[in-house]
Each structure stands twice: as structure tokens, then as C-alpha cells.
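Now for the letters of each chain:
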Amino acid sequence: ASASTGDPTTGSPVALEVQTYAAGPTGPMVNSHLVMGETEAILVDGQMFKADAEAVVAMVSASGRTLTTVLLTHAHVDHFASVKVITDAFPAAKLV
């Protein structure tokens, strides 16, 4: 998916892309969304299981963007149980 928003410094449109990782059917069906600009990205929600979190890390790495933020939408364990895998892989990213 993609969207466009204005660049606050120039007013020019900035294209955004969204890539989603969906956990497998054997556990909680958690989605992690990578919202990507030209050079940076934010991740919306983590994963419950380590293997899924590792797959999210691979998705972020493959994007070629710098992960700046991991945003947890709410405090259900399926969204944050393995977030340490993600924050360890991207230590400069803020956890919000």
C-alpha cells in the first residue's frame, strides 16, 4: 500500500509505503506494519513469538530504511512479548 503526505519543510508530497507482516495461524494473529518514507521507517506493533519478531527484523532490514520508532498501539502481550528482539536489532529506534 502507499499514501502521500506533505513534506513539512518544503510542502512537496512525500510518498509513504506500508508493508505488513502477519503472524502465522498457529498463534495470535498479530500484524506488524512497517510505514516507510524515502529513507526512514516506523514499525507499528511487535510480535508475540521470537520467530515472528525475527521475521519482522528481516522485513525491516530488507526495506533499506532506517527504523526510527517502534510504536506499540496497546499493552496486549501479543503485541510486545518479543519486542526486545526488534529493539536489540535496532537499538537507535525509539520505543513508544
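Here's a quick rundown of the structure. Quick caveat: nothing in here was measured; it's all calculated off a predicted structure.

Side note on the overall build of the chain
So, step 1. Within the chain, the secondary structure is distributed over three helices and six strands.
So, step 2. The order of α-helices and β-strands along the chain, N terminus first, is β-β-β-β-α-β-α-α-β.
So, step 3. In terms of C-alpha radius of gyration, the chain reaches 14 Å, essentially the compact-globule figure of 12 Å for 96 residues.
So, step 4. Once the C-alpha set of the chain is aligned to its principal axes, its extents read approximately 45 × 25 × 25 Å.
So, step 5. Classification of the 96 residues of the chain by burial places 32% in the buried group.
So, step 6. Here the contacts in the chain between residues at least 6 apart in sequence split such that 52% fall between residues at least 24 apart.
So, step 7. With the model as given, the accessible surface of the chain reaches about 5500 Å², and the carbon-plus-sulfur share is 60%.
So, step 8. Charged side chains of the chain number 4 positive and 9 negative; the gap between the two group centres comes to 7 Å.

Examining the pairing of strand β5 (residues 66-71)
So, step 1. As defined by bridge partners, strand β4 (residues 40-44) adjoins β5 across five bridges and the pair is classed as parallel. In the sheet register, I42 faces β5, and the bridge partner there is T69.
So, step 2. With helix α1 (residues 50-63) bridging β4 and its parallel neighbour β5, the resulting β-α-β unit is right-handed.
So, step 3. One ladder, built from two bridges, connects β5 with strand β6 (residues 94-95); its direction is parallel. In the sheet register, V70 faces β6, and the bridge partner there is L95.

Looking at the pattern of salt bridges
Pairs can form between side chains of opposite charge once their charged atoms are near each other.
So, step 1. Taken as a whole and judged by the stated rule, the model has three salt bridges.
So, step 2. The partner of E54 in a salt bridge is K50, and the shortest N-O contact between them spans 3.8 Å. Here E54 and its partner K50 are both found in helix α1, four residues apart, which amounts to about one turn of the helix.
So, step 3. When its relative accessible area of 39% is taken as the criterion, E54 is described as partly exposed.
So, step 4. Between D88 and K84 there is a salt bridge whose closest N-O contact spans 2.9 Å. Taken together, the residues D88 and K84, both in helix α3 (residues 83-89) and four residues apart, mark about one turn of the helix.

Quick word on unusual backbone geometry
Note: most residues except glycine have negative phi, and most peptide bonds are trans.
So, step 1. Even without being glycine, D45 reaches a positive phi, approximately 75°.
So, step 2. On the secondary structure map, D45 appears in the loop between β4 and α1.

Some words on the nonpolar core
So, step 1. Counting 16 residues, the largest nonpolar core has L34, L43, V56, L67, V70, I86 and F90 as the members making the most contacts within it.
So, step 2. Secondary-structure elements contributing two or more residues to this core are β3 (31-36), β4, α1, β5 and α3.
So, step 3. Sorting elements by how many residues they give to this core places α1 first, with five residues.
So, step 4. With residues near it in sequence (within four places) discarded, I86 still touches L43, G46, A53, V56, V57, L67 and V70.

How each quantity is defined
Residues numbered from 1 in each chain as written. Predicted model: local features only at pLDDT ≥ 70, side-chain atom pairs only at ≥ 80, totals over all residues. Heavy atoms only, no water. Helix = DSSP H or I, 4+ residues; strand = E, 2+ residues; numbered from the N terminus. Rg over C-alpha atoms; globule rule 2.2 N^0.38 Å. Buried < 20%, exposed > 50% of the residue type's maximum accessible area, 1.4 Å probe, protein only. Contact = heavy atoms within 4.5 Å. Areas by Shrake-Rupley, 256 points an atom, 1.4 Å probe, with all protein chains shown as cover. Lys, Arg positive; Asp, Glu negative; His and termini not counted. Charge placed at Lys NZ, Arg CZ, Asp CG, Glu CD. Pairing = 2+ DSSP bridges. Right-handed = clockwise from strand over helix to strand, strands pointing away. Salt bridge = Lys/Arg side-chain N within 4 Å of Asp/Glu carboxyl O. Core = buried A, V, L, I, M, F, W, Y, C linked by side-chain atoms within 4.5 Å.

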